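# Chain and residue survey
Letter by letter, the chains look like this.
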Amino acid sequence: MKNKLLALAISGAFMALGSSAALAAPDWSKVPKKDIEVFHPGTAPIEWVTKKSDHSGSAGLKKGESCAGCHDEKGKLSLDLKRLAGKDMEPKGAPKTMNYPVTVQAAYDATNLYLRLTFKAPAGGADAADKENEVKAAVMFANDKVPMGEQAGCWATCHNDARTMPGADDKKTKYVKDGAMDLMQWRSAKGAKAIDGTVTDKRAMEGGKADVKAEGSKAGDTYTVTFTRKLAGGVVMAEGKSVPFGIAIHADHAVGRFHHVSLGYKLGIGADADVKAVKQ
Amino acid sequence: MGDANKTSRWKQLRSPSARYSLLTLLVIGFLAGITFWGSFNTVLEATNTLDFCISCHEMRDTVYQEYKQTIHYSNRTGVRATCPDCHVPKDWTHKMIRKVQASQEVWGKLTGSIDTPEKFEAKRLELAKHEWARMKASDSRECRNCHSFDGMNIEKQKTRASKMHKIAQDDKQTCIDCHKGIAHQKPKGMSEEDDE
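Residues numbered from 1 in each chain as written. Chains lettered and ligands numbered in written order. Predicted model: local features only at pLDDT ≥ 70, side-chain atom pairs only at ≥ 80, totals over all residues.

### Side note on the overall build of chain A
When helices and strands are counted, chain A shows six helices and 15 strands. Its C-alpha atoms give chain A a radius of gyration of 19 Å, near enough to 19 Å, the size a compact globule of 280 residues would have. Projecting the C-alpha coordinates of chain A onto the three principal axes gives extents of approximately 75 × 40 × 35 Å. Relative to its full complement of 280 residues, chain A shows a buried share of 42%. A separation of at least 24 residues holds for 67% of the contacts in chain A among residues at least 6 apart in sequence. (Helix = DSSP H or I, 4+ residues; strand = E, 2+ residues; numbered from the N terminus. Rg over C-alpha atoms; globule rule 2.2 N^0.38 Å. Buried ≥ 20, exposed ≤ 12 C-beta atoms within 10 Å, placed from the backbone. Contact = placed C-beta atoms within 7 Å.)

Next up, the structure:
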């Protein structure tokens, strides 16, 4: 009897915790919105970005400049999308829509980070290889050991020898040369699990420490994806600090490099940054 | 006998004229000078035009087609930079040096060193490197006939241009250090050394 009572008490406590967690989910109508453009990057991995003969802006990177520092012009992308869509940079053919905005909102409480992405995923992709998921939305966070993580965001993981790049080994995933990134992803297939993964010397789509939950819905042509993850995941987020992040959307059943990605930005946990997570 | 003839000719050339007045000689010399100089300059300038450059298919079918897609050919304001504006110095001394060097290009034409698109492509990097070296050595003199850091208001530029131009000025870089492949296709598969 005593055991039953104890079990009841414990399960009650868990339910209370669960409901408080549900209550902690932010009122998104009160969370500031920031539009970040995502674009199809073609075959422009970190090796391309840092090679002067390919990208003269590599001189800026050597001086410590970030990609967004030059290519984000007051919230609008400032780069040569025609070049990215051309045959040299995208031999397989570029998606019809090269760039579109994603509205980003972020909030946090003592335990969790809440991140919401709202976007219209365009049709007209170039490689509809994912039969299960029409859309996938991912966010990666870099720890402070990732080379160029602060400057280049997700590009720190993107290499010319990774799968779906021209001539690359199909089994080689994205990777970082040092440090680690947390990867969370929402998939549109019915019943698909939220991905709580990491990128170290290879990409792992499970085994992350951030306890990621992801919910997504489609209303008309607009997707809304809400992530919840622990502040203290693999990449630890502390109040008053900021963390590098980037977004990737695979629209129209795309896989691999046929995504639309954001430049690397900073997420401030209650701190001023490109996107500021507000306290709940 | 022959030697004696030569000596007397030379003597004749060196001796004052007994037949023509100094004025006549001066006028004739002056007119001959104008004619010679005028013809020389006319021929020189005739070879210093876009039309002359693309009269050879080696230029017309390759770099000219690429240039036509760029801002130096067609732009909002209608200012056009043609081949010699970028590839031939404006001042006389450097222009003459470049023109003498161009005789090598005549040899290239005669021997057909780039007379097919394949041959041209195979030599593109080498040719480009020659031109980049020339531009770098002259501190991008031909670019600077129109563009200068002094006249450039980087505040009015887009962020990426403004930041890069600030770095370029701080590091005393020259235009061609970054602006390679702006009027013609950049050679493919370049190494970092090729870009120095």
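Following the structure, the description resumes.
### A word on the overall build of chain B
If you tally the helices and strands in chain B, you get twelve helices and zero strands. Along the chain direction, N to C, the helices and strands of chain B fall in the order α-α-α-α-α-α-α-α-α-α-α-α. In terms of C-alpha radius of gyration, chain B reaches 24 Å, well past the compact-globule figure of 16 Å for 196 residues. Counting only C-alpha atoms, chain B reaches 75 × 40 × 30 Å along its principal axes. Going through the 196 residues of chain B one by one, you find that 9% of them count as buried. Within chain B, residue pairs in contact and separated by at least 24 positions form 62% of the contacts whose partners lie at least 6 positions apart.

### Brief notes about the nonpolar core
Core analysis: the biggest nonpolar cluster contains 67 residues, and M140(A), A156(A), M181(A), M184(A), I247(A) and I249(A) have the highest contact counts within it. No other element matches the six residues that strand β6 (residues 136-142) of chain A contributes to this core. In contact with I247(A), other than residues within four places in its own chain, are I36(A), V38(A), V102(A), L117(A), V139(A), V261(A) and S262(A). C53(B), V63(B), Y67(B) and C83(B) belong to the second largest nonpolar core, which has five residues in total. (Core = buried A, V, L, I, M, F, W, Y, C linked by C-beta atoms within 7 Å.)

### Comments concerning the interface of chain A and chain B
Across the boundary between the two partners, chain A contributes 14 residues, which contact eleven residues of chain B. Listing elements by their share of the side of chain A that touches chain B, those giving two or more residues are α3 (58-62) and α4 (67-71) of chain A. The greatest single-element share of the side of chain A that touches chain B, amounting to three residues, is contributed by α4(A).

### Quick word on helix α8 (residues 103-111) of chain B
Of all the nine residues making up α8(B), zero are buried; the element is thus mostly uncovered. Phi turns positive, to about 70°, at G112(B), one or two residues after α8(B).

### Examining the pairing of strand β10 (residues 213-219) of chain A
All names here are of chain A. Bridge analysis of β10 against strand β11 (residues 222-230) gives seven bridges, and the strand direction is antiparallel. The residue of β11 that forms the bridge with E215 is T226. Between the antiparallel neighbours β10 and β11 lie two residues, among them G220 with a positive phi of about 65°. (Pairing = 2+ DSSP bridges.)

### Looking at unusual backbone geometry
One non-glycine residue, D211(A), lies in the positive phi region at around 50°. Here D211(A) is to be found in the loop between β9 (203-204) and β10. Although it is not a glycine, D139(B) adopts a positive phi angle of roughly 55°. Along the chain, D139(B) turns up in the loop between α9 (117-137) and α10 (141-144).

### With respect to the confidence of the model for chain A
Should pLDDT be low for a region, the predicted coordinates there are not to be read in detail. Per-chain confidence: chain A averages 92 in pLDDT, with 91% of residues scoring 70 or above. pLDDT under 50 marks residues 11-23 of chain A. Its contacts with residues more than four places away, or in other chains, come to zero contacts. (pLDDT = per-residue confidence, 0-100.)

### Digging into the pairing of strand β5 (residues 112-119) of chain A
Residues and elements named next belong to chain A. Within β5, seven of the eight residues are buried, leaving the element largely enclosed by the surrounding structure. Where strand β4 (residues 99-108) and β5 come together, seven bridges link them in antiparallel fashion. Each residue of the ladder has a partner; that of V102, found in β5, is F119. Linkage of β4 to β5, two consecutive antiparallel strands, is achieved through a turn of three residues. Pairing between β5 and β11: eight bridges, direction antiparallel. The partner of L115 across the bridge, within β11, is F227.

### Thoughts on the environment of G153(A)
Residue and element names in this part refer to chain A. Here G153 shows up in the loop between α6 (149-152) and β7 (181-187). Owing to 29 C-beta atoms within 10 Å, G153 belongs among the buried residues under this scheme. Expressed as a C-alpha distance, the spacing of G153 and G167, which sit 14 residues apart in the sequence, is 24 Å. With near-sequence residues (within four places) excluded, G153 lies in contact with A142, P244, F245, G246, L263, G264 and Y265.

### Focus on the environment of L183(A)
Residue and element names in this part refer to chain A. Summarising the element assignment, L183 is placed in strand β7. On the basis of neighbour counts, which here come to 26 C-beta atoms within 10 Å, the residue L183 falls in the buried class. Discounting chain neighbours no more than four positions away, the residues touching L183 are A138, M140, I195, G197, T198, V199, R203 and G208.

### Looking at the confidence of the model for chain B
Overall, the predicted model of chain B reaches an average pLDDT of 92, with 98% of residues at or above 70. Interface predicted TM-score (ipTM) for the complex: 0.81; the corresponding pTM is 0.85.

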